[in-house]
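Below, each chain spelled out in residue letters.
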Amino acid sequence: MMLRSIKSLATSPSSHILRRGYASEAVPDRKVAVLGAAGGIGQPLALLMKLNPLVSSLALYDIANTPGVAADVSHINTRSEVSGYSGEAELGKALEGADVVIIPAGVPRKPGMTRDDLFNINAGIVKGLCQAIAKYCPHALVNMISNPVNSTVPIAAEVFKKAGTYDPKRLFGVTTLDVVRAKTFYAGKAKVPVAEVNVPVVGGHAGITILPLFSQATPKANLSDAEITALTKRTQDGGTEVVEAKAGKGSATLSMAYAGAIFADACLKGLNGAPDVVECSYVQSTITELPFFASKISLMKKGSLLCEGSLMLCTFIRCSTLVRLGKNGVEEVLGLGPLSDYEKEGLEKLKPELQSSIEKGIKFANQ
Ligand SMILES: NC(=O)c1ccc[n+]([C@@H]2O[C@H](COP(=O)([O-])OP(=O)(O)OC[C@H]3O[C@@H](n4cnc5c(N)ncnc54)[C@H](O)[C@@H]3O)[C@@H](O)[C@H]2O)c1
Ligand SMILES: O=C(O)C[C@H](O)C(=O)O
């Protein structure tokens, strides 16, 4: 695999933005494709991925307006080369060779709508895009943002199964924004520095299916039951808070782009063999009786060797052993850990809704 130096980037004036890169001088080439790149999420996400030194090629695809977005982003003097693709005829070129595909394509909510109300339009969009992924980049890690995530991920799984390319380790529902919100709201209430906060969020990505585990939040804070209930509700309603504030002009875009960029960065780090990459994500799961469930997942276990690709000197984990670079995706789906009685109750309450959203997606993909 071709390696490139990012030394010049790391010492450039914008290096503070690029702090997520390795201390190493060389990282492998990685192509990231964003589908829906001209949209409210797609544009800031394209910008953030252009700032990521782990990306060498950035393909921006949408049904319209991508040439302008791509020309604009391409003027930024960071590592990746940017290309824009517009319309279905160009989708294959956008996807070919992609290591990570991020999907924020589809319509957003307006006030009064649930995420499930988007199903009729977005299910078809996601199905079509996943058929193309199966054809042009079957080994890519797929980061699904399009709502309703609780159903679009099962749709993607079914499409990949039909195409014979399904690998549950490579399909992720992006629920990172729930984690970002839980951290922000918890830090505000607990009066602890937000940068130090960690809160797992499990379940799914809609209303009560979003279950933040504040009993496991760190740093520990002495919050009352009423405060925990309020924080939980605010996290579950975080998306609606933005939809209402935007008053018909869409849903979260900037915070979602940030959250999407964090998750894609974790995928790239996992692909590159970085140790201990752990994020929450909605994935195929056996930790409950539901076939898909969001929980902490590890993208690469500490010390594990990867299965595919070329041998390289492992300078970026500061040792000089030989490791195989690979494309494993999910390395381990982590358990829920100890839950409070309130969280146990929330877990039981969310199951019927999540189960029915999963079934709806599976049924749609197979009709
Ligand atoms: N997972 C999450 O946490 C999360 C957070 C926020 C928004 N979302 C979801 O993300 C989606 C996008 O939101 P947005 O605010 O960016 O919407 P938007 O309308 O601003 O942008 C969507 C983009 O998708 C494009 N598009 C439509 N059909 C397409 C197709 N077949 N192929 C490629 N592109 C296509 C549109 O042209 C548009 O540019 C919505 O479904 C929204 O609900 C999810
Ligand atoms: O709320 C929405 O519809 C968008 C997204 O799912 C969010 O959580 O912000």
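Rules used in this analysis
- Residues numbered from 1 in each chain as written.
- Chains lettered and ligands numbered in written order.
- Predicted model: local features only at pLDDT ≥ 70, side-chain atom pairs only at ≥ 80, totals over all residues.
- Near = placed C-beta within 6 Å.
- Helix = DSSP H or I, 4+ residues; strand = E, 2+ residues; numbered from the N terminus.
- Nonpolar A, V, L, I, M, F, W, Y, C, P; charged D, E, K, R; others polar.
- Domains from an automatic or database assignment.
- Contact = placed C-beta atoms within 7 Å.
- Expected span 1.5 Å × (residues − 1).
- Buried ≥ 20, exposed ≤ 12 C-beta atoms within 10 Å, placed from the backbone.
- Axes fitted to C-alpha atoms, helices over the stretch in contact; angles between N-to-C directions.
- Left-handed = near helix turned anticlockwise from the far one by under 90°.

Participant: Mind showing me how you'd approach the site of ligand 1 here?
Facilitator: Neighbouring ligand 1 are 33 residues; Gly36, Gly39, Gly40, Ala105 and Asn147 lie closest to it. By residue number, the principal contributor to the shell around ligand 1 is helix α5 (residues 119-136), which donates four residues. For the shell around ligand 1, the class distribution of residues is 18 nonpolar, 13 polar and two charged. Counting the residues that make up the shell around ligand 1, at least three belong to each of domain 1 (31-175) and domain 2 (176-304 + 323-366).

Participant: Just checking my understanding: could you explain the domain arrangement of the chain for this structure?
Facilitator: How big an interface is tends to be stated in terms of the accessible area lost upon association of its parts. Domain assignment breaks the chain into domain 1 (31-175) and domain 2 (176-304 + 323-366). Of the residues lining the interface, 46 residues belong to domain 1; the matching set on domain 2 comes to 49 residues. Where the side of domain 1 that touches domain 2 is concerned, the elements lending two or more residues are α2 (42-50), β6 (100-103), α5, β7 (141-144), α6 (149-163) and β8 (171-173). Looking at the side of domain 1 that touches domain 2, its residues break down into 27 nonpolar, ten polar and nine charged.

Participant: It is not clear to me how helix α10 (residues 254-271) should be interpreted in this structure. Could you clarify?
Facilitator: Structurally, the α-helix is built with 3.6 residues per turn, so residues lying three or four positions apart point the same way. The terminal C-alpha atoms of α10, which comprises 18 residues, lie 26 Å apart, in line with the 26 Å expected from a rise of 1.5 Å per residue. The buried fraction of α10 amounts to 14 of the 18 residues, a majority that puts the element mostly inside the structure. Where α10 ends, the next residue or the one after it, Gly273, has phi of about 85 degrees, a positive value.

Participant: Help me understand the site of ligand 2, please; the structure alone is not making it clear to me.
Facilitator: Of all residues adjacent to ligand 2, which total 13 residues, the nearest are Arg109, Asn147, Gly239, Ser251 and Ala252. Split by residue class, the shell around ligand 2 holds six nonpolar, five polar and two charged. Here the shell around ligand 2 spans two domains, since at least three of its residues come from each of domain 1 (31-175) and domain 2 (176-304 + 323-366).

Participant: I tried to follow the packing of α5 against α6 on my own but got confused; where do I start?
Facilitator: Where α5 meets α6, the closest approach of the two axes is 9 Å, and the angle between their N-to-C directions is 35 degrees. Crossing of α5 against α6: the hand is right-handed. For the pair formed by α5 and α6, the contact residues are Phe119, Asn122, Ala123, Val126, Lys127, Cys130, Gln131 and Ala134 on the first element and Ser151, Thr152, Ile155, Ala156, Val159, Phe160 and Ala163 on the second. For the contact of α5 with α6, a count of residues per class yields ten nonpolar, four polar and one charged.

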